[in-house]
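Structure at a glance
So the chains spell out like this:
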Amino acid sequence: MSVIVYVDSFSGSIAKNGFEAVNYASKLGDVIAVTAGNASDDVLAALGKYGAKKVLKDTSVTSNDPQQLTRLIAKAVEANGATTVVVSHDLNGKAIAPRLSARLKAGLVAGAISLPDGDKVKVNVFSGKAFGFVTVKSDKKIISLLPNSMKPVAEGSDCAVEAFDGEAGNTGYIIKATKKPEGAIPLPEAELVVSGGRGLKGPENWGIIEDLANVLGAATACSRPVADIGWRPHHEHVGQTGVAIRPNLYIAAGISGAIQHLAGVNGSKVIVVINTDPEAPFFKAADYGIVGDAFEVLPRLTEAVKKF
Ligand code: FAD
């Protein structure tokens, strides 16, 4: 059985969640990875190591337009007689999966965290506070896999990369790409994350977050209001309406711990909370809590880490 996996490669490389989706799908059938853009064949062939039998590459789609990508993936499904599509449950995947579900009349499992058990797939529900099981009875199914649900393992060898015309056409959408700072650790892939909230009082104070992140080799993140006010870029905003992350360590300073914030971070293995208010809700979700002023605690943590 063929399984189509959409893999984002517009940056010229493949993110960890792309390998993860392919690896996951390889447990369901013969994986045909579909991608768009101009990533080199050498980069794409590496998907074979994670279980792809081949990669179909459409160079005519040049941006993350979810409508074009939906058409491309649907065409690949049709051309290969596939019954299952796997995408990563990231910002692109969340835009593509429901469109694909409607187009293919396929059942949708959004935010899967395990392999299907028969027709049933385990998902996160209530912003990660509980698990649910979704049963798909339709012939075709779409699964969006929550990033960091499984560790991708490279076992095979490179696979073939073939040109593919997904007949994606032009949708009239204009997608603007913003360049991320060079060398920054991509948030969805980060094992360690240092994050700041409104308690940091202003963008001029972010140095203490960045200093700790630098000595730890961590990515930086923020709460939604911080991005909304423009203190930090939107791609750093984590939570229900931002990026969902599952790092090994999440350090939150000056963040109250509203449920919408927790929704994006409560999959973290260890959560450390720094807050002046001992009643801050975040302490309930924390593995380690420091009741204290972020302006004193963060520099002391940075100095302590430097000594190791
Ligand atoms: P605040 O709530 O203002 O908390 C600041 C915290 O800093 C307080 O706990 C305070 O005690 C502490 N503090 C103050 N000074 C210091 C100091 N010197 N040192 C240490 N601590 C200090 N939010 C998200 O983050 N992500 C989302 O995806 C998201 N999605 C949302 C979706 C919807 C539909 C809605 C309605 C809301 C959403 N929100 C989201 C907003 C969310 O409800 C909260 O308002 C937001 O998370 C609060 O941000 P904050 O903790 O930075 O600010």
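See the structure above.
Since this is a predicted model, take the numbers as computed values, not measurements.

A large share of strand β13 (residues 270-275) lies buried, amounting to five of its six residues. As defined by bridge partners, strand β12 (residues 249-253) adjoins β13 across five bridges and the pair is classed as parallel. Its bridge partner being in β13, tyrosine 250 is matched across the sheet by isoleucine 271. The handedness of the β12 to β13 crossover, carried by helix α7 (residues 259-265), is right-handed. When β13 meets strand β14 (residues 288-291), the two strands line up parallel, connected through four bridges. What sits directly across from valine 272, in β14, is tyrosine 288.

What follows covers the site of the ligand. Close to the ligand lie 27 residues; Ser223, Ser256, Gln260, His261 and Asn275 are nearest. At a separation of 3.5 Å, a nitrogen atom of the ligand approaches a polar backbone atom of glycine 199. At 3.0 Å from an oxygen atom of the ligand is found a main-chain nitrogen or oxygen belonging to glutamine 240. In isolation the ligand exposes 980 Å². Once the protein is present, 75% of that is buried. Among the residues forming the shell around the ligand, the class breakdown is seven nonpolar, 15 polar and five charged.

Ranked by internal contacts, the top residues of the largest apolar core, which has 27 residues, are Val5, Val22, Leu47 and Val86. Listed by contribution, the elements that provide at least two residues to this core are β1 (2-6), α1 (16-25), β2 (30-36), β3 (52-58), β5 (107-112), β6 (120-125) and β8 (141-145). Ranked by size, the runner-up nonpolar core spans 24 residues in total, among them Val77, Val85, Ala97 and Leu104.

Reading across from one edge, β11-β10-β12-β13-β14 is the order of the five strands in this open sheet, with parallel pairing throughout. Among the strands making up the open sheet, the edge pair consists of β11 (219-222) and β14. Put simply, the sheet's adjacent strands are angled 15° from each other on average, direction ignored. Direction of pairing for strand β10 (residues 192-196) relative to β12: parallel, over a ladder of five bridges. Of the residues in β12, the one forming a bridge with glycine 196 is alanine 253. Across the sheet, helix α5 (residues 207-216) is in contact with β10, β11 and β12; its angle to β10 comes to roughly 175°.

What counts, and where the lines are drawn
- Along every chain, residues carry numbers that run from 1 in the direction the sequence is written.
- Only residues with pLDDT of at least 70 get local features here, since the model is predicted, and only at 80 or more are side-chain atom pairs given and counted; chain-wide, interface and lining totals rely on the full set of residues.
- Side-chain descriptors were evaluated using all non-hydrogen atoms of the structure, hydrogens and water having been removed beforehand.
- Categorising residues by exposure relies on relative accessible area from a 1.4 Å probe, with only protein chains included: less than 20% of the type maximum marks a residue as buried, more than 50% marks it as exposed, and the intermediate range marks it as partly exposed.
- Helix and strand labels come from DSSP, where a helix needs a run of H or I of at least four residues and a strand needs a run of E of at least two; each type is numbered from the N terminus.
- In this analysis, strands are considered paired if DSSP registers two or more bridges between them.
- Crossover handedness is defined here as right-handed if the route from the first strand over the helix to the second strand goes clockwise, with the strands pointing away from the viewer.
- Put simply, a residue is near a molecule or strand once any heavy atom of it comes within 4 Å of that molecule or strand.
- Polar contact is defined as a pair of N or O atoms within 3.5 Å, subject to the rule that within protein one atom must be able to donate a hydrogen and the other to accept it, and that residues adjacent in sequence are counted only when both atoms are side-chain atoms.
- Residue burial considers only the protein chains on display, and all accessible areas are found by Shrake-Rupley using a 1.4 Å probe.
- The classification used treats Ala, Val, Leu, Ile, Met, Phe, Trp, Tyr, Cys and Pro as nonpolar, Asp, Glu, Lys and Arg as charged, and all other residues, Gly among them, as polar.
- We call a set of buried residues a nonpolar core when its members are Ala, Val, Leu, Ile, Met, Phe, Trp, Tyr or Cys and they connect through side-chain atoms within 4.5 Å of each other.
- Interaxial angles span 0 to 180 degrees and are taken between N-to-C directions of axes, which are lines fitted to C-alpha atoms, for helices over the stretch in contact.
- Whether two residues are in contact is decided by their heavy atoms, any of which lying within 4.5 Å being enough.

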